[in-house]
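Structural features, examined
Read off the chains here:
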Amino acid sequence: MLCYLFTLLMGEVALDKILDYIKNGVDGKKPLSEAQEKAVMSESKHIRVLAGAGAGKTETLTRRILYLLLYKNVPPEEIVAFTFTEKAAQSMKSRIYMQITQIMGEEYAAKIGKMYVGTIHSYALRLLQDHFGYGNYDVLDDKQEMAFVMRRGYEIGVNSLDGRNYPDKCKKFVDAVNVVYDELIPRDKLREKNPEFYKVLEKYEQMLDDYHRLTFGRLIYLAVNKIKKRPEKLPKITHLIVDEYQDINHAQEELIKLIGKDASIMIVGERRQTI
Ligand SMILES: Nc1ncnc2c1ncn2[C@@H]1O[C@H](COP(=O)(O)OP(=O)(O)O)[C@@H](O)[C@H]1O
Ligand SMILES: [Mg+2]
């Protein structure tokens, strides 16, 4: 009785009740499948979920986050979840927020603001801005990156590279730069194999710095390099969760490994179509 009163006063919800909500949904009408439940409550350091579209992968991730926050009492700031788009992040965040509000109340739900749910690009940008001196940089999207190269390409020698005409040279240059970033191609090899391109790339990066600009590819590339050199700058992360893993490139995979070095990592992806 005293215990019950205490629970009421503290506004706490019993753990078995919480587990029931997580397993069956707040309305009790969305029971997890056996495979989903296994993933949600797994104690493994590396968890990989592969299944087809609509199989319930994102739902599994969402319930895992609820499980970690409410049942395992993991501090929200130690959880990082990557989605493929900002829209997907918004939808995941609001689903988590709504469910926590229903289970624990609004005051408790407000605490989860410290949890990161978003794209890997936004996370890399935040790291660069907060810890590596890129606070006054802006990010060019793909279109702006192309426009930037078209406008200033002459100055850095894009015209001396391969291509049918200037726009084609710019397009090929941007594509090649992003291969260097996405595939983390070692610079010494690049200098050796393709010195002309290498020279233009160096000037391009200098120009991006002069104008305080990042691109999507460069963001990830720089985050990987900076963290490799100064891993102690990373905030403490105990749980890293990645949705749509099948769409991730080599540099992003490397960043995930670095960020999740000391964390439990759960990745969720679409099973490759076999024809
Ligand atoms: N255990 C479950 N019980 C009820 N509905 C579920 C369950 N798992 C997933 N769903 C629902 O099925 C739909 C597809 O799930 P989702 O997680 O988006 O699939 P995926 O990410 O694998 O494409 C969503 O509407 C989701 O809410
Ligand atoms: Mg999904």
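Residues numbered from 1 in each chain as written. Chains lettered and ligands numbered in written order. Predicted model: local features only at pLDDT ≥ 70, side-chain atom pairs only at ≥ 80, totals over all residues. Heavy atoms only, no water.

Focus on the site of ligand 1
Surrounding ligand 1, one finds Lys30, Pro31, Leu32, Gln36, Gly52, Ala53, Gly54, Ala55, Gly56, Lys57, Thr58 and Glu59. Lys57 places a polar side-chain atom, nitrogen or oxygen, 2.8 Å from an oxygen atom of ligand 1. Relative to its free-state accessible area of 560 Å², ligand 1 is covered by the protein chains to the extent of 66%. In terms of residue count, helix H4 (residues 57–71) provides more of the shell around ligand 1 than any other element does, three residues in total. Among the residues forming the shell around ligand 1, the class breakdown is four nonpolar, five polar and three charged. (Near = heavy atom within 4 Å. Polar contact = N/O pair within 3.5 Å; in protein donor to acceptor, adjacent residues only side chain to side chain. Areas by Shrake-Rupley, 256 points an atom, 1.4 Å probe, with all protein chains shown as cover. Helix = DSSP H or I, 4+ residues; strand = E, 2+ residues; numbered from the N terminus. Nonpolar A, V, L, I, M, F, W, Y, C, P; charged D, E, K, R; others polar.)

Quick look at the environment of Ala109
Locating Ala109 in the fold gives a position in helix H6 (residues 106–110). Taking the relative accessible area as the measure of exposure, Ala109 reaches 1% and is therefore buried. It is 6.0 Å that separates the C-alpha atoms of Ala109 and Tyr97, two residues lying twelve residues apart in sequence. (Buried < 20%, exposed > 50% of the residue type's maximum accessible area, 1.4 Å probe, protein only.)

Some points on the pattern of salt bridges
Overall, the coordinates contain 14 salt bridges when judged by the stated rule. Residues Asp209 and Arg218 are paired through a salt bridge, measuring 3.1 Å at the closest nitrogen-oxygen approach. Look at Arg218 and you get buried, because its relative accessible area is 3%. Residue Arg230 pairs with Glu232 through a salt bridge whose shortest N-O separation is 2.5 Å. Using a relative accessible area of 39% as the deciding quantity, one classes Arg230 as partly exposed. Owing to a relative accessible area of 53%, Glu232 belongs among the exposed residues under this scheme. It is possible to trace a salt-bridge network through shared partners that takes in Glu59, Arg63 and Arg95. (Salt bridge = Lys/Arg side-chain N within 4 Å of Asp/Glu carboxyl O.)

Here's the deal with the packing of helix H8 (residues 142–156) against helix H11 (residues 195–210)
Angle between the axes and distance between the axes: these two values describe a pair of packed helices. Contact pair H8 / H11: the axes reach a minimum separation of 11 Å and the direction vectors enclose 115°. Relative to H11, the crossing made by H8 is right-handed. Contact with H8, carried on its side by Glu145, Phe148, Val149, Arg152, Glu155 and Ile156, involves Val200, Lys203, Tyr204, Met207 and Leu208 of H11 and no other residues of that element. (Axes fitted to C-alpha atoms, helices over the stretch in contact; angles between N-to-C directions. Left-handed = near helix turned anticlockwise from the far one by under 90°. Contact = heavy atoms within 4.5 Å.)

Focus: the packing of helix H12 (residues 216–229) against helix H13 (residues 250–259)
Relative orientation of the contacting elements H12 and H13 amounts to 35°, with a least axis distance of 9 Å. The two elements H12 and H13 meet at a crossing, and its hand is left-handed. On the side of H12, the interface is formed by Ile220, Ala223, Val224, Ile227 and Lys228, while H13 contributes Ala251, Gln252, Glu254, Leu255 and Leu258. For the contact of H12 with H13, a count of residues per class yields seven nonpolar, one polar and two charged.

What about the domain arrangement of the protein?
Per the domain assignment, the segments of the protein are domain 1 (17–132 + 233–270) and domain 2 (138–211). Each of domain 1 and domain 2 has a C-alpha centre, and these two points are 36 Å apart. Residue-level contacts link five residues of domain 1 with five residues of domain 2. For the domain 1 and domain 2 pair, buried surface summed over both sides reaches about 390 Å², with 68% attributable to carbon and sulfur atoms. Area buried by domain 1 at its contact with domain 2 is led by Asn249, His250 and Ala251, which between them contribute 77% of it. For the pair domain 1 and domain 2, the number of links is zero salt bridges. Across the domain 1-domain 2 interface, the total number found is two residue pairs in polar contact (both at pLDDT 80 or more). With three residues, the single largest contributor to the side of domain 1 that touches domain 2 is H13. Taken together, the residues of the side of domain 1 that touches domain 2 sort by class into two nonpolar, two polar and one charged. (Domains from an automatic or database assignment. Buried area = accessible area lost by both parts, 1.4 Å probe.)

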